[in-house]
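# Chains, contacts and geometry: an overview
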Amino acid sequence: MANWSAHDPSGKAVAGRSAYLILHNTSEVVTPDAEGQRILRTPKGAIVFMNGRVLEVGDVGELTRRHPDARPLNANGKLVTPGLVDCHTHMIFGGHRALEFQQKTQGVPYAEIAAKGGGIRSTVNATAAVRDDVLEKTLAIRLERWRANGCTTVEVKSGYGLEPRRELRLLELMGGAAIRVPVRVHRTALLLHALPPDYEGRRREYVEEMAGPVLTEVHRRGMASAIDVFCDPVAFTVEECRLVLERARALELPIKLHAEQMQHFGGAALAAELGARSADHLESATESDWRALAAAGTVGVLLPAAALTLRQRLPDAAMLRASGARVAVATDFNPGTAPAQSLMECAALAARLCGFTAEEALMSVTWNAAKALGAQAEVGHLSPGSWGDAVLWECETLEELPYWMPAVRPDTVFMRGADLALPAVERRVWP
Ligand code: NIG
Ligand code: FE
């Protein structure tokens, strides 16, 4: 995709202790293949990293013989997978909405909370009140926590600015945070999230502004690698979303949608029609929506934390398999519907709520999630030539990953083949 390389965050320098390393004595290396067709399991396998990339994965005896000069690193009999990819977060925001959560658990509908000034707009006010440097640092700390939880690639959406200049501010600060931490950050401009109060009664004008000058500015300054919209009765109509997304496509910017979250509304069909990279949420999607996504090659992204918070159902794995669609799982980290900070925990929830196998759960947070970002050539699997982003887990088998709750913790997280230190526990400031 023409624009992806322009925003490729992986050129970022990451300090590594050795450019040539062999990770040995694993329990097994488990990874999707390069095409994301199946999960490959190499018992007691080894990995050779060179110049930030995976050189080879295979039999330990053979690789040790062939790479006598590689620095050996002992995996101590633990499981290795690719670094996880969190393909949907709203990680840049101020404040929290714990009081609102109480209303939600007591059954007050999302739309009613929003209509009374809660919801997205309250986070918009809280975010505007935070100083730039604090917002940027908070985001950097969150990204570090995601890495400590096994995520080496993280998507971050704007969307708590709403007003044009505030949305651009968030995208700028995301760029600042991204260069401070050794995590691959994909910036997404969420251009239609909620109508800002100042535009009350001027909906059309707002949509035109976001689809026109704001989108043009985002593109001109290379501020995002994808454009997103919230297509829902509580947010924007199919036609409003179509306007923004078609303009984005004309600029060759990849697109994605929040679709079919609160009600069935036509967002999934729009995603398929326009060839979106992903359609996310889909709690209210139908079987035929899933088939349309499959036919279009659009990834369906499930967000179990949001579904749980809003007490919604997730689709059944048998239906998803029959549809042929690619399914990813993400945290949707945001202060309203998903204060969820561990992607593996979300995969463990999806395994239970949808009925995923351990292999499906791993695929949903690696290769399929990378595809939702258009990054599957580089990340989401450990294949010769892919980035050396990997996780050594504190467990021995793939089946344990979706099993333990709280989720299994990484022992070591490799970025570009380097075993960088993880943030110390005391630096994992809440939240
Ligand atoms: O993905 N659905 C829209 N956006 C968020 C929720 C935003 C909020 O409530 O602050 C989501 O669930
Ligand atoms: Fe979201």
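All of these numbers come straight from a predicted model, not from anything done at the bench. (Residues numbered from 1 in each chain as written. Chains lettered and ligands numbered in written order. Predicted model: local features only at pLDDT ≥ 70, side-chain atom pairs only at ≥ 80, totals over all residues. Heavy atoms only, no water.)

### Details of the domain arrangement of the protein chain
Basically, it comes down to this: Residue ranges for the domains originate in an automatic or database domain assignment.
The assigned domain composition of the protein chain is domain 1 (20–82 + 380–426), domain 2 (84–96 + 132–372) and domain 3 (97–129). Between domain 1 and domain 3, the C-alpha centre-to-centre distance is 41 Å.

### What about the pairing of strand S8 (residues 184–192)?
Here is the rule: For the exposure calls, accessible area comes from a 1.4 Å probe over protein chains only, and a residue counts as buried if that area is under 20% of its type's maximum, exposed if over 50%, partly exposed in between. The secondary structure listing takes helices from DSSP runs of H or I that are at least 4 residues long and strands from runs of E that are at least 2 residues long, numbered from the N terminus. In this scheme, strands are said to pair when DSSP sees at least two bridges between them. A clockwise course of the path from the first strand over the helix to the second, judged with the strands pointing away from the viewer, identifies a crossover as right-handed.
Taken across its nine residues, S8 has nine buried, putting it largely inside the fold. Note that strand S7 (residues 151–157) and S8 share five bridges and pair parallel. Looking across to S8, one finds that Lys157 is bridged to Thr188. Relative to strand S9 (residues 226–231), S8 runs parallel, the two sharing four bridges. Counted as the bridge partner of Thr188 is Ala226 from S9. The handedness of the S8 to S9 crossover, carried by helix H8 (residues 203–220), is right-handed.

### As for the site of ligand 1
Formally: For each residue, the test is whether any non-hydrogen atom lies within 4 Å of the molecule or strand; if one does, the residue is near. Pairs of N or O atoms are called polar contacts if they sit within 3.5 Å, as long as, within protein, a hydrogen donor faces a hydrogen acceptor (for residues adjacent in sequence, only side-chain-to-side-chain pairs). Residue exposure ignores everything except the shown protein chains as possible cover, and the areas themselves are Shrake-Rupley values with a 1.4 Å probe. Under the grouping applied here, Gly and all other residues not named as nonpolar or charged are polar, the nonpolar ones being Ala, Val, Leu, Ile, Met, Phe, Trp, Tyr, Cys and Pro and the charged ones Asp, Glu, Lys and Arg.
In the vicinity of ligand 1, 15 residues are found, and the nearest of them are Arg97, Tyr110, Tyr160, Gln261 and Thr337. Here Tyr160 contributes a side-chain N or O atom positioned 2.6 Å from an oxygen atom of ligand 1. Relative to its free-state accessible area of 320 Å², ligand 1 is covered by the protein chains to the extent of 100%. Of the residues that constitute the shell around ligand 1, the class distribution is four nonpolar, nine polar and two charged. Summarising the domain contributions, the shell around ligand 1 has at least three residues from each of domain 2 (84–96 + 132–372) and domain 3 (97–129).

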